[in-house]
Amino acid sequence: MPKTAISEDRSESLPERWTALYKEELPRLAKARDRAQPKWPVYLDHCFARIILDNAVGKDRPWMERIRAPAVKHMSEEQLKAAVEMGRQIATGEADLDDLNQRSLRLRGKEGPKRKREVSDDSHGQGSPRKWKSKPGNGDIRSHFFGDLPQAKAEAPAPELREARRTIASSKDLTPFRRFALILLTFIPRGRYSTYGAMSNYITAQYHKSSARAIGNAMRNNPFAPAVPCHRVLAHDGRIGGFGGDWGEQGKHSAEKRRLLAEEGVKFDSGGKVVGRPYINFEESGEIKTWYQQIYASNSK
């Protein structure tokens, strides 16, 4: 995918760069429906501020619980750099905005269509937050931008999955990262799919820095397929992604990946894109943290 052009004025200070990103550049790309993102779930500046600050600064909680508003005046240099970098990744398509938005909403205990209010980065903590209102008979306009955000629960692991996780965790032929990525993979329920970006965003937010490319490498070198279902991980735009060492619809194994997904109930539209939202609710399983600790503790011995 070609990189989206965004301004790179090196004379800008970090606060100026951050402000330009969330107030001007990202809303402009969203309103133009730029191809950097398969879907732009928001287009208002304060929504971009919320999403980026929750993920880059708040991490495991809303950003207002980490720093005071206005954020631009109270972020450290490191936090500003993280916010600017995440904004850049959204603009270029390296980060999935929809995944980040859903995670931000969950941190606040909200689902898109039920969301009652939004706190702006410009708020000084005074007065009432802006409220969303629905017009009678027209439905909630927020559903147009946020859609339905299903909170699918991870299925109880079958005995063979529990055994697979133990086998992966004890493998001496895999790096700790690959072991953890493959175990995380086993938490995607049958009949659902996730993306390379969604998995890497979860690992980065909860544990350590990752990337979609690193997840892709782990999936490509999965010695336990198809029992450990790397076929459930797709590209960020809903296309088939990689399988068996090949990439894309023209890959010699793409039909097999599509067949495995279809047998599990995953559907594709006439354009070859998957139907439905990716699974991102990994943190709903308390087991994942236990596996992470076990893998990295054993590696440090």
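Bear in mind that the values here come from a model prediction, so they are computed numbers and not experimental data. (Residues numbered from 1 in each chain as written. Predicted model: local features only at pLDDT ≥ 70, side-chain atom pairs only at ≥ 80, totals over all residues. Heavy atoms only, no water.)

Visitor: Break down the packing of helix H8 (residues 176–185) against helix H10 (residues 212–220) for me, with residues and values.
Guide: One way to put it is that H8 packs onto H10 with a least axis distance of 9 Å and a crossing angle of 80°. It follows that H8 is roughly perpendicular to H10 by the angle criterion. Counting all contacts with H8, which are made through Phe177, Arg178, Ala181, Leu182 and Leu185, the residues of H10 involved are Ala214, Ile215, Ala218 and Met219. The class makeup of the residues in the contact of H8 with H10 is eight nonpolar, no polar and one charged. (Axes fitted to C-alpha atoms, helices over the stretch in contact; angles between N-to-C directions. Helix = DSSP H or I, 4+ residues; strand = E, 2+ residues; numbered from the N terminus. Parallel < 35°, antiparallel > 145°, perpendicular 65-115°, else oblique. Contact = heavy atoms within 4.5 Å. Nonpolar A, V, L, I, M, F, W, Y, C, P; charged D, E, K, R; others polar.)

Visitor: Would you mind going over the environment of Lys257 in detail, with residue names and values included?
Guide: Within the fold, Lys257 resides in helix H11 (residues 254–263). By relative accessible area, Lys257 is classed as buried at 0%. Considered as a pair, Lys257 and Val233 are 24 residues apart in the sequence and their alpha carbons are 9.8 Å apart. In this view, Lys257 contacts Tyr196, Cys230, His231, Val233, Leu234, Ile240, Gly241, Gly242 and Phe243; residues no more than four positions away in its chain are not counted. (Buried < 20%, exposed > 50% of the residue type's maximum accessible area, 1.4 Å probe, protein only.)

Visitor: For the packing of helix H2 (residues 45–58) against helix H5 (residues 97–107), give the residues involved together with the corresponding values.
Guide: Closest axis-to-axis distance for the H2/H5 pair is 9 Å, and the angle between their directions is 75°. One element, H2, and the other, H5, form an angle in the roughly perpendicular class. On the side of H2, the interface is formed by Phe48, Arg50, Ile51, Asp54 and Asn55, while H5 contributes Leu97, Leu100, Asn101, Arg103, Ser104, Leu105 and Leu107. Looking at the contact of H2 with H5 residue by residue, the classes come out as six nonpolar, three polar and three charged.

Visitor: A description of the confidence of the model for the protein chain should follow, citing residues and the corresponding values.
Guide: Scored by pLDDT, the protein chain comes out at a mean of 79, with 78% of its residues at no less than 70. The weakest mean pLDDT in the protein chain belongs to helix H6 (residues 142–146) at 31; the strongest belongs to H8 at 95. Per-residue pLDDT stays below 50 along residues 1–11; that stretch engages in 20 contacts with residues further than four places along the chain or on separate chains. Within the model, pLDDT remains below 50 along residues 113–156, and this stretch shows 93 contacts once partners closer than five positions in the same chain are excluded. (pLDDT = per-residue confidence, 0-100.)

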